[in-house]
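# Overview (structure and organization)
This is what each chain is made of:
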Amino acid sequence: MQLQPVNVGHKALADYATIASRGLMDQIRALAEPLAGKRVLHLSATAFGGGVAEINYTLVPLMRDAGLETDWRIIHGQDEFFDVTKTIHNALQGAERSLTPEQQEVFRRYNRLNAEALEGEYDFVIVHDPQPAAVVEDARSVGQYWIWRCHIDLSEPNREVLDFLAPSIARHDAAVFHRRQYVPSGAPLPPAYIWPPAIDPLAPKNMALSAEDASYIVDQFGIDVERPLVTQVSRFDPWKDPIGVIDAWRLVRKRHPEVQLALVGSMAHDDPEGWDLYTRTIEAADGDPDIYILSNLNNVGSVEVNAFQVHSAAVVQKSVREGFGLTVTEALWKGRPVVAGRVGGIVDQVQDGETGFLVSSVEECADAISAILDDPERARLMARKGKEHVRANFLTPRLLRDWLALFNLLAGRETAESKQLLASAA
Ligand code: UDP
């Protein structure tokens, strides 16, 4: 059994030249040159749903276009494994529940099986998130340099679960985190580097869509395009608080009776908890005809997500924990007014009262949405500033540059960019 490869299609760096600065494109070219023909493998738990998949569909083809032979493979797992990895995910974000010895054994067994199934020879293996974090233990020889890319908030982890994973993480040559605050203290980790993720401005999810096209698309899902719409796009995950969004929307409706709500959430196959929360969210909506709960099951794909974001009067991301929050990046890039939880990477993206609203409760969330509906012009001006922040910091060419700088650094090649990475290392 070979691990399932993901077909990512083709993307050309040259297409990004008008979006990224000349300096950035030059950096990418210079950093890529000595890496020509190097082999890179991305390992992750799923090719569908959530931020990692979103990032890799762009990053992998662009690494290829930069001259690196890049593969992306999905580890094999069944529900018993994903139940355990979901517990690990929740525990690393601070949940109390730890792992039983049986769960630890399930985790080790699947990681070992995946390691045995891993073939090939790579210069760099990038392991995304905790699910495949122990593959390195039994497959070290497949890659010269192993890098653990963490996409979640590890600042207040459940210590037992972190201690269980730490020896495997320590087998990697480097770790990468979204934020300095996420690097856990006191764990024997490899050198840690910091950079945020990014969105692809040219992907169907984020490409320019006219207001007319957006309303044409959301109209087909039953939305009344003459009345304001509030949307949250996210997996059905307790940390994204979809039920809190419904509660906030109910408060908004007292002041703005015409407002509608869309909760758009895909079902990731490594997320068995999602179905449970999906059902509870539908119960919380209580058959209200102005609440639309949609998912990939209703054929909501990338273009549809784009349309919902573009069409919305306000985009909400009421997370109570958040690794980074690409949905916030996506909404800002579209110049939409954003209301988002004051947590994790969201606070690096939204300056409260300047480029959007940061909230910590249902009431604050409702107040912020109402403020946007009361004064859409002010909200639009704020959102426009937010877009510039995304342009400067959170688009894919910058992400590619950071990866190339790290590869050069690991291979012992000193460049201005790798020195910068070193200087910012945690
Ligand atoms: N997403 C989507 N459809 C959905 C839900 C989410 O396409 O129904 C995408 C969303 O647009 C974003 C990513 O999945 O690109 C979620 O990334 P984020 O960092 O917000 O959260 P994560 O799921 O990684 O915790």
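What comes next concerns the included structure.

### A short note on the overall build of the protein
Of the regular secondary structure elements, the protein holds 16 helices and 13 strands. On C-alpha atoms alone, the protein measures out to a radius of gyration of 21 Å, which is about the 22 Å that the 2.2 N^0.38 rule sets for 426 residues. Judged by the C-alpha coordinates and their principal axes, the protein covers about 60 × 55 × 40 Å. The proportion of buried residues among the 426 residues of the protein is 60%. Nonlocal contacts in the protein, meaning residues at least 24 apart in sequence, comprise 73% of its contacts between residues at least 6 apart. As displayed, the protein offers around 16700 Å² of accessible surface, 49% of which is attributable to carbon and sulfur atoms. Taking the 42 positively charged and 59 negatively charged side chains of the protein as two groups, their mean positions are separated by 4 Å.

### Some points on the environment of D138
Note that D138 resides in helix α5 (residues 135-139). For D138, a relative accessible area of 46% corresponds to the partly exposed category. In this view, D138 contacts R112 and A115; residues no more than four positions away in its chain are not counted.

### Considerations on the packing of helix α3 (residues 79-92) against helix α6 (residues 159-170)
At a minimum axis separation of 8 Å, α3 and α6 run at an interaxial angle of 115°. When the interaxial angle is binned, α3 and α6 end up roughly perpendicular. Handedness of the α3/α6 crossing: left-handed. Residues I88, A91 and L92 of α3 lie in contact with α6, whose contacting residues are V161, L162 and L165. Residues of the contact of α3 with α6, tallied by class, amount to six nonpolar, no polar and no charged.

### Regarding the site of the ligand
Around the ligand sit 17 residues, and of these G51, R235, K240, S266 and E330 come closest. Here an oxygen atom of the ligand sits 3.5 Å away from a polar atom, N or O, in the side chain of E54. At a separation of 2.9 Å, an oxygen atom of the ligand approaches a polar side-chain atom of K205. Protein contact buries 88% of the 540 Å² of open area that the ligand shows by itself.

What counts and what doesn't
Residues numbered from 1 in each chain as written. Predicted model: local features only at pLDDT ≥ 70, side-chain atom pairs only at ≥ 80, totals over all residues. Heavy atoms only, no water. Helix = DSSP H or I, 4+ residues; strand = E, 2+ residues; numbered from the N terminus. Rg over C-alpha atoms; globule rule 2.2 N^0.38 Å. Buried < 20%, exposed > 50% of the residue type's maximum accessible area, 1.4 Å probe, protein only. Contact = heavy atoms within 4.5 Å. Areas by Shrake-Rupley, 256 points an atom, 1.4 Å probe, with all protein chains shown as cover. Lys, Arg positive; Asp, Glu negative; His and termini not counted. Charge placed at Lys NZ, Arg CZ, Asp CG, Glu CD. Axes fitted to C-alpha atoms, helices over the stretch in contact; angles between N-to-C directions. Parallel < 35°, antiparallel > 145°, perpendicular 65-115°, else oblique. Left-handed = near helix turned anticlockwise from the far one by under 90°. Nonpolar A, V, L, I, M, F, W, Y, C, P; charged D, E, K, R; others polar. Near = heavy atom within 4 Å. Polar contact = N/O pair within 3.5 Å; in protein donor to acceptor, adjacent residues only side chain to side chain.

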